[in-house]
Amino acid sequence: MTQRSRTQSLVLTGLSIALIAVGAIITVPFGPIPFTLQTLMLGIVICLLPPKYSVAAVGGYLALGSLGLPIFSGMRGGFAVLAGPTGGFLVGFLVAAVIVAFIRSRALHTKDDTKEEPSRPRWFLPTLDISSLVLFSLISYAMGCLWFMFSTGTTLGASLAACVIPFLVPDAFKAAAALICIQPVRAALGFSPAPSS
């Protein structure tokens, strides 16, 4: 990665933290788990930024929120939010970001020592983006649902009904919106999703 690309990645990482925070603040009460635009922003971040920078953005967001900045859903902040019934989703975002970043890093890795991007079929990157979003959602759902179940003492069925089922369709639309946004932004910035060196 060139110095220009590295600087661009750092700037976009900071902007990504801000976007995730704005997405979380835009909240619609929806039972114990609020509806936010946070997952839309996260989807864009994990697909647009090089893998290690996407993890840095999610980790930075959680770190700032845990320190008390009101950037979690409902303009809340503090470690108590992470430890609360919905904290599994927040922790799950970071776990999912790490796993997805690792997979994307391996998929996008250039096996030779040249600085040029390897030639790939046109379907490769959109397919990788879709797979990344699906995996990110599944990990987030799993951790959020299990955390909610154990912290509230509800059954698995009740936790699924509260934490997962109501969000499947909205999150599918948000994932589609993320995919629509990613490609033109990537093209406009001339931004490579490949791992940085």
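Below is a short write-up of the structure.

How each quantity is defined
Residues numbered from 1 in each chain as written. Predicted model: local features only at pLDDT ≥ 70, side-chain atom pairs only at ≥ 80, totals over all residues. Heavy atoms only, no water. Helix = DSSP H or I, 4+ residues; strand = E, 2+ residues; numbered from the N terminus. Buried < 20%, exposed > 50% of the residue type's maximum accessible area, 1.4 Å probe, protein only. Contact = heavy atoms within 4.5 Å. Areas by Shrake-Rupley, 256 points an atom, 1.4 Å probe, with all protein chains shown as cover. Core = buried A, V, L, I, M, F, W, Y, C linked by side-chain atoms within 4.5 Å. Expected span 1.5 Å × (residues − 1).

Along the chain, the regular secondary structure elements total eight helices and two strands. Counting only residues that meet the buried cut, the chain has 41% of its 197 residues in that class. Summarising the internal contacts of the chain: among those between residues at least 6 apart in sequence, 69% fall at separations of at least 24. Total accessible area computed for the chain in this model is approximately 10100 Å², and 74% of it derives from carbon and sulfur atoms.

Counting residues in hydrophobic clusters, the biggest one holds 42 residues, and the most contacted among them are Y61, L62, F72, L90, F93, F136 and C163. When residues of this core are traced back to their parent elements, those giving at least two are α1 (3-25), α2 (38-48), α3 (51-66), α4 (79-83), α5 (87-108), α6 (124-152), α7 (156-163) and α8 (168-189). The residues touching F72, leaving out its near neighbours within four places in the chain, are A24, Y61, L62, G65, S66, G77, G78, V81, L82 and L90.

A separate point is α8. With 22 residues, α8 should reach 32 Å at 1.5 Å per residue; the first-to-last C-alpha distance of 31 Å fits that figure. Where α8 is concerned, the buried positions are D171, K174, A178, I182 and R186. If you follow the buried residues of α8, they end up packed against β2 (35-36), α2, α5 and α6.

Bringing the environment of I20 into the picture now. As for its position among the elements, I20 is in helix α1. I20 sits 25 residues away from V45 along the chain, and the two C-alpha atoms are 8.5 Å apart. If sequence neighbours within four positions are ignored, I20 has contacts with Q38, M41, L42, V45, A57 and Y61.

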